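# Descriptive analysis of the structure
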Amino acid sequence: MTELDDINRKILRTLSRDGRMSNLVLSDAVGLSPSACLRRVQELERSGVIQGYRAVLNPVKTGVGFTAYVTVGLNTHTKASQEAFESAIADAPEVRECHNITGSWEYLLRIEAADLAAYKSFHTEVLGTVPQVSAITSYVVMASPKDERA
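Residues numbered from 1 in each chain as written. Predicted model: local features only at pLDDT ≥ 70, side-chain atom pairs only at ≥ 80, totals over all residues. Heavy atoms only, no water.

This paragraph deals with the sheet that holds strand β2 (residues 95-100). An order of β2-β3-β1-β4 is seen for the four strands of this open sheet, with the pairing classed as antiparallel. The open sheet has two free edges, formed respectively by β2 and β4 (133-140), since each of these has just one partner strand. If you compare each strand with its neighbour and ignore which way they point, the axes differ by 20 degrees on average. Where strand β1 (residues 66-74) and β4 come together, seven bridges link them in antiparallel fashion. Residue pairing in the sheet places valine 72 in a bridge with isoleucine 136 of β4. Along the sheet, helix α4 (residues 79-89) contacts β1, β2, β3 (107-113) and β4; its crossing angle with β3, the most-contacted strand, is approximately 10 degrees. (Pairing = 2+ DSSP bridges. Helix = DSSP H or I, 4+ residues; strand = E, 2+ residues; numbered from the N terminus. Axes fitted to C-alpha atoms, helices over the stretch in contact; angles between N-to-C directions. Contact = heavy atoms within 4.5 Å.)

Dropping the structure here:
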C-alpha cells in the first residue's frame, strides 16, 4: 500500500481541484522535481489511491435543472431485498449516487433530472414500481454553496 505522507496528501488535494493540470505545474505546486512528482502520481494510480479522473459537468448546460436527495426505506431488511433494490435502480440514469446508509432509512440517493416533471416521472415510474420500496422522502436541492464532488 502506498504511504500517504504529507507530499502525497498535497498531490491528492491539488489533483482533486484540477485533475488535468500538467505534471510540471503539479510538481511546482507540491515542491517536487517533475520526475519525482510523476513517480508519486503513478504509484498513487497503480496502488488505487487515485481511481480515475473525471470531468465536472455544468448541470444547467447538460440539461439538469433539478437535483434531489432521496431517502428510501425497504419493506424488508434482507440481503435479497437490498440486492433487488440495487439492481432495480442500477440502470436509472437519474440516479447519480446510491448509498446504503444507517439510521431510519436504508438508502440515500442523489437524483438529477431535467425538471420537476421529469423527477415526478422518475419517482412514479421507477422508484414507485420497485416492490421492495416502502417509503420515499425527497429533499429538493435549492442551491449548493459548497460541492467538492469530482
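Here serine 27 is to be found in helix α2 (residues 23-30). Taking relative accessible area as the criterion, serine 27 reaches 3% and is therefore assigned buried. Ignoring sequence-local partners within four residues, the contact set of serine 27 consists of Leu32, Ser33, Pro34 and Cys37. (Buried < 20%, exposed > 50% of the residue type's maximum accessible area, 1.4 Å probe, protein only.)

Bringing the packing of helix α1 (residues 6-17) against α2 into the picture now. Between α1 and α2, whose axes approach to 10 Å, the crossing angle comes to 130 degrees. It follows from the interaxial angle that α1 and α2 lie oblique. Of the two possible hands of crossing, α1 and α2 adopt the one that is right-handed. Residues Lys10, Ile11, Thr14 and Leu15 of α1 form the contact with α2, whose own contacting residues are Leu26, Ala29 and Val30. For the contact of α1 with α2, the per-class residue count stands at five nonpolar, one polar and one charged. (Parallel < 35°, antiparallel > 145°, perpendicular 65-115°, else oblique. Left-handed = near helix turned anticlockwise from the far one by under 90°. Nonpolar A, V, L, I, M, F, W, Y, C, P; charged D, E, K, R; others polar.)

Structural measurements only, silent on function.
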